Amino acid sequence: MLLALPAGSMASRFIDIKVVDKDYLMLQFRDGEVHYRDSGTGKSAFLGHTFVEGDDTLLVFGERLKTAEAQRAGAWLVSSPDDKAFAKTQPLAVWRKSKPMNTDNTLTSELDHWLFLKLPKSMRQGCTYEVSIPSGIGVDADRASVRFDVWNSMSEAVHVNIIGYSPDEAVHAADLYQWLGDGGQRDYRSFEGKTVWLYNVDTKAKQKAGRVKFWLPASASSNEAGGKSLIGTDVWNIDFSAQRPGRYRLVVEDVGCSMDFEVGRDIYYEPYRYSLRGYYYMRLGEPIDTARVKPAPRQPRFIPETDPKGFTVYKTDFHPWSPGWRELRTDVWDEPHFKPLRQSIFWQHRLPGNPVNVDVRGGHSDAFDWDRHLAHVSNIYDMLLPYILSDGKLNEDGMGIRESGNGIPDLVDEARNEVDFFLSIRDGEAYSQGVTNPCADWSVMFQAGCTTMAAWANAANCAIMAEAFRIGRNDSLCKYYADEAVRAFRFASRQENQQLDDRQDIGSMQMRGRDFRQMAAAYLYNVTGDEQWERAFAEEKYQVNIANVWTAAAYIVCPRQRHYAEFYEHLKAGISAEAERYNTSQVGQRPSRRAANDRRWQTSQNLQLVMLAHYLGDKSVRKRLEHVMYTEAGWAMGRNPGNIVEMTGLGQRHITDCYSTGRNDGVPGTHPGQTPFNGTETWSAGHNGGDARVILKYCYPDWNNGGWPRQESYFNQRYFWVNGEFTPRETMRGKMALLAYLYAIR
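Every chain is numbered independently, its residues counted from 1 as its sequence is written. Local features in this predicted model are restricted to residues of pLDDT 70 or higher, and side-chain atom pairs are both shown and tallied only at a pLDDT of 80 or more, whereas totals for entire chains, interfaces and linings draw on every residue. With hydrogens and water excluded, all non-hydrogen atoms of the structure serve as input to the side-chain values.

Student: Describe the nonpolar core, with residues and values.
Tutor: Y381 and F516 are the most contacted members of the largest nonpolar core, which has 180 residues in total. If you tally residues by element for this core, the top one is helix α6 (residues 452-471), at 15 residues. If sequence neighbours within four positions are ignored, Y381 has contacts with A457, A460, N461, I464, M511, F516, M519 and W550. Among buried residues, those of type Ala, Val, Leu, Ile, Met, Phe, Trp, Tyr and Cys that are joined through side-chain atoms within 4.5 Å constitute a nonpolar core. Exposure categories follow from relative accessible area, calculated using a 1.4 Å probe and restricted to protein chains: below 20% of the type maximum is buried, above 50% is exposed, and the middle band is partly exposed. By definition, any uninterrupted DSSP run of H or I lasting at least four residues is a helix, any uninterrupted run of E lasting at least two residues is a strand, and each is numbered from the N terminus. Residues are treated as being in contact if the distance between any of their heavy atoms lies within 4.5 Å.

Student: So, helix α13 (residues 619-636): which residues are in play, and what are the values?
Tutor: In a helix, the anticipated span is given by 1.5 Å times the number of residues less one. The first and last C-alpha atoms of α13 sit 26 Å apart over 18 residues, in line with the 26 Å expected at 1.5 Å per residue. Along α13, the residues that are buried comprise L625, E626, V628, M629, Y630, T631, E632, A633, G634, W635 and A636. Here the buried face of α13 lies against α12 (608-616), β29 (645-648) and α16 (728-744). Just downstream of α13 lies G638, where phi reads positive at about 125°.

Student: Outline α12, listing residues and values.
Tutor: Counting buried residues in α12 gives seven out of nine residues, a clear majority hidden from the surface. Inspection of α12 places Q608, L609, V610, M611, L612, A613 and H614 among the buried residues, and these make up the whole buried set. For α12, the secondary structure elements touched by its buried residues are α4 (377-389), α10 (549-556), α11 (565-582), α13 and α16.

Student: With reference to specific residues and values, describe the sheet that holds strand β7 (residues 93-103).
Tutor: In space, the four strands of this open sheet follow the order β2-β3-β8-β7, with antiparallel pairing throughout. Each having just a single partner strand, β2 (13-21) and β7 make up the two edges of the open sheet. With direction set aside, neighbouring strand axes in the sheet form an average angle of 20°. Here the rule is simple: two strands pair whenever DSSP picks up at least two bridges between them. Where strand β3 (residues 24-30) lies against strand β8 (residues 109-118), seven bridges are found, and the strand directions are antiparallel. Counterpart to Q28 in the pairing with β8 is W114. Whenever a helix is involved, its axis is fitted only over the stretch in contact; in every case the axis is a line through C-alpha atoms, and angles between N-to-C directions fall within 0 to 180 degrees.

Student: Explain the packing of α6 against helix α8 (residues 513-528) to me, using residue names and the numbers behind them.
Tutor: One can describe the packing of α6 onto α8 by two numbers: an axis separation of 8 Å at closest approach and a directional angle of 25°. With respect to each other, α6 and α8 are oriented roughly parallel. Helix-helix and strand crossings are classified by hand; for α6 and α8 the assignment is left-handed. Contacts from M453, W456, A457, A459, A460, A463, I464, A466, E467 and R470 of α6 reach α8 at G513, F516, R517, M519, A520, Y523, L524, N526 and V527. Any angle that is under 35 degrees is reported as roughly parallel, and any over 145 degrees as roughly antiparallel; angles of 65 to 115 degrees are reported as roughly perpendicular and all others as oblique. Should the near helix be turned anticlockwise from the far one by less than a right angle, the crossing is termed left-handed; should it be turned clockwise, right-handed.

Student: An account of the pattern of salt bridges is requested, with residue identities and associated values reported.
Tutor: Between Lys or Arg on one side and Asp or Glu on the other, a salt bridge is scored when a side-chain nitrogen of the former is within 4 Å of a carboxyl oxygen of the latter. This model, assessed by the stated rule, comprises 55 salt bridges. Salt-bridge contacts for E484 lead to R426; the nearest nitrogen and oxygen are separated by 2.7 Å. Taken together, the residues span a long stretch of sequence, with E484 in helix α7 (residues 475-493) and R426 in strand β23 (residues 426-427) at a distance of 58 residues. Pair check on accessibility: E484 and R426 agree, each one buried. Taking the shortest distance from any N to any O, the salt bridge between R512 and D515 comes out at 3.0 Å. Residue D515 is classed as buried on the basis of its relative accessible area of 8%. Through salt bridges with shared partners, a single ionic network connects R283, E286, R402, E403 and E414.

Student: Tell me what's going on with the side chain of N437, and back it up with residues and numbers.
Tutor: With respect to the helices and strands, the residue N437 is situated in the loop between β25 (434-435) and β26 (444-447). Since its relative accessible area comes to 2%, N437 is described here as buried. In protein, a polar contact requires one atom able to donate a hydrogen and another able to accept it; more generally it is a pair of N or O atoms within 3.5 Å, and residues adjacent in sequence count only if both atoms are side-chain atoms. Within the local environment of N437, its side chain forms a polar contact with the backbone nitrogen of W370, the two atoms lying 2.7 Å apart. When neighbours within four sequence positions are excluded, N437 is seen to be in contact with W333, D334, P336, H337, D369, W370, D371, V444 and M445.

Student: Give me the lowdown on the pairing of strand β10 (residues 143-147), citing residues and values where you can.
Tutor: Along β10, the buried face is formed by A144 and V146; none of R143, S145 and R147, which line the opposite face, is buried. Relative to β10, strand β9 (residues 128-132) runs antiparallel, the two sharing five bridges. The residue of β10 that forms the bridge with S132 is R143.

Student: Outline the packing of aromatic side chains, supporting the account with residue identities and numerical values.
Tutor: Stacked, tilted and edge-to-face pairs are distinguished by plane angle, under 30 degrees for stacked and over 60 for edge-to-face with tilted covering the rest, among Phe, Tyr and Trp rings (Trp via its six-membered ring) whose centres lie within 6.5 Å. Inspection of the entire model under this criterion finds 46 aromatic pairs. Ring centres 5.1 Å apart and planes at 80° place the aromatic pair W456 and F489 in the edge-to-face group. With W456 in helix α6 and F489 in helix α7, the pair connects residues that are 33 residues apart, well separated along the chain. Accessibility expressed as a relative area gives 3% for F489, which makes it buried. Both rings, one in W601 and one in F677, keep their centres 3.8 Å apart while their planes meet at 20°; by these two values the pair is stacked.

Student: Give a detailed account of the sheet that holds β10, specifying residues and quantitative values.
Tutor: In spatial order, the strands read β6-β9-β10; together these three strands make up an open sheet with antiparallel pairing. Whereas interior strands pair on both sides, the edge strands pair on one side only; in this sheet they are β6 (77-79) and β10. When the angles between neighbouring strand axes are averaged without regard to direction, this sheet yields 20°.

Student: Could you give me a rundown of unusual backbone geometry, with the residues and numbers involved?
Tutor: Keep in mind that most residues, glycine aside, have a negative phi and that most peptide bonds are trans. Here the bond from K294 into P295 is cis, since omega is 0°, no more than 30 degrees from zero. Relative to the helices and strands, P295 resides in the loop between α2 (269-280) and β21 (312-315). Put simply, Y700 and P701 share a cis peptide bond, and its omega is -5°. When you line up the elements, P701 lands in the loop between α14 (693-696) and α15 (721-724). Although it is not a glycine, D254 sits at a positive phi angle of roughly 70°. Looking at the element boundaries, D254 is found in the loop between β18 (246-252) and β19 (256-257). Notably, S508 is not glycine yet its phi reads approximately 65°, a positive angle. Examined against the element boundaries, S508 turns out to sit in the loop between β27 (503-505) and β28 (510-512).

Student: Tell me about the confidence of the model for the chain, and name the residues and values.
Tutor: The quantity called pLDDT is the predictor's confidence in a given residue, expressed from 0 to 100. Counting all residues, the mean pLDDT for the chain is 97, and 99% of those residues have values of 70 or more. Predicted confidence for residues 1-8 stays below pLDDT 50, and this span has 19 contacts to residues more than four positions away or in other chains.

Student: How would you explain the side chain of N102 if you had to name every residue and give the values?
Tutor: Position of N102 among the secondary structure elements: in strand β7. Each residue touching N102, except ones within four places of it in the same chain, is listed here: R30, G32, E33, V34, L58, T108, S109, E110 and D112.

Student: Describe the pairing of strand β5 (residues 56-60), and please don't skip the residues or the numbers.
Tutor: In terms of burial, β5 is largely enclosed, as five of its five residues are buried. Bridge count between strand β4 (residues 32-36) and β5: five bridges; the pairing is antiparallel. In the sheet register, V34 faces β5, and the bridge partner there is L58.

Student: So, the packing of α7 against α8: which residues are in play, and what are the values?
Tutor: Viewed as axis vectors pointing N to C, α7 and α8 meet at an angle of 145°, and their least axial separation amounts to 11 Å. Seen from above, α7 lies across α8 with left-handed handedness. For the pair α7 and α8, contact is made by C478, A482, A485, V486 and F489 and by R517, A520, A521, L524 and V527, respectively. Residue composition of the contact of α7 with α8, grouped by class: nine nonpolar, no polar and one charged. Gly is placed with the polar residues, together with every amino acid not listed as nonpolar (Ala, Val, Leu, Ile, Met, Phe, Trp, Tyr, Cys and Pro) or charged (Asp, Glu, Lys and Arg).

Structure follows, in structure tokens:
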């Protein structure tokens, strides 16, 4: 629904005026705003994909900003009552960036605009400046004022972790830079050597914390993962130290200050909790009225014969190695949703007698869909990795999921939900690859065929789960999952087609059947002490890489005697070398100082190798690697061009809406704790949510050629799956592991 506001408001809305630094001011305007039905009422309440008329309304404030007129520097005036140099002056230039931040279900977007006024003279500390806004540019304000006070003027050029920093870290990463839209980068060379202060918001105490130092030029962005120009400008470092707990802001001489942030030992608790709850909101099968959970989990539950009414899961023999699977050249798990039910290839592959599975329960959905399949097992492994490396230190049992308070750590419960899902889709002794998306009317899903690969994966799932319960001293559940791991392992071993060298996608990487087999054996040795499992693990060739770190983790935490000393030494050396090659060696070459190395998904944070190397390292190594991990985590928690947390719900500025559940559920925004792709690809050409060009065309300067920082590819929208969707296995699991580990080592 598109609405225009009545007369009196018929213009682009003035949002804010801010200081960039002593020589620049920034004004923000908004042409329109999308409002969502988030009351938890109506036919679409709690139902995710369901949309009915009135679920959103795009309010156009009237006349949109006249951009050409707005960029005429001679039309603007800047004055000051207490700085005589600004009696009545005109800016030297007005630069602009415009971005579609309000998009409705028709994929119509309204723009936010940021105007950067380059001043003819530098502003003076403590003075107030008034901007006379030209009358003919189509906005609802004629003036705006701001005080230049570096201690209180929040500048978008100052980039910090807006959640906060751990006092355990000797040096905290922060940066100085600003992209000015069609004005290019702000050149801070003349600011080098200027003082950086740490300001205690509560006590007003000020202390010198460092100086502005040049880091790397924008051209070094070719070293970023995928060669992406995440920042788009040269970068200056404004690193600082702060060990005393408190609420602070970072202040840069002649620039301004950061958003407020905390320094505290438990600073990673909330990021960890949000990330865990983000996983909870990806579950299927959760009741809508769980007392400990708000907002409500995704609906419907897709429980056979329960919800939706008459819902059925048919068993099939169709799986990723079946003839015809790859020939479909699509996401085959989605296929039943886009064809008439009886034309689905899965319908044609139902088992004789059309048997059904009435026991399917749980599991984490793939993105905004409902399919659950073997690619998701890496979610289990990365949730449990920090628990295992910390020897169960992550034992919180009140983080706001349904099982909170049951005596089992919530992190373990969340992983267990996925493990149990895969056990629920066994067919006799065999193990299924997964369950599809539903057909269009939500009445049917299909259980894929059984494979040896799925058996090996179930063995690994259950073995690592047993290890978690061994660490947590829960003997009964440890034995249960160990027995299930052995059962799956033995079944796989009996199959004619072992699939040991076949490859299974696990989210931006792959595991072979033998990788699952080796991983299962490693954890079974930890749990049982039976040396047959150590032999099965250690006599298999093993090369450390990012796709099999969980196997290495099993042996480095092994509570039993290690009988393969040479193998163990090689393993430790391999972890350190691969962590250096894949992650830590990248930091000094990148403007962002990021260690994450996903060439496609810029919001992912896979530092599992660094975690293992940190576990093994001496004190000096651990401190160096902690800095790498804190610096990477801080990027996604605000030390980025948007000064935004790249996760829904967390912090004072965060992603508010993405292509996910949590719509119309009585709570604003989509579900918390989730990290979208922020993708800019074309998946399905045309006016649809799979073509990012539809939204990128609104950007000014041109998205492809105008110099945009690639980090700014978030648009707080609910309808472009190519941009705002995600899969936990691609953008959430590495972040989950990293944030939990940083909380655990406090």
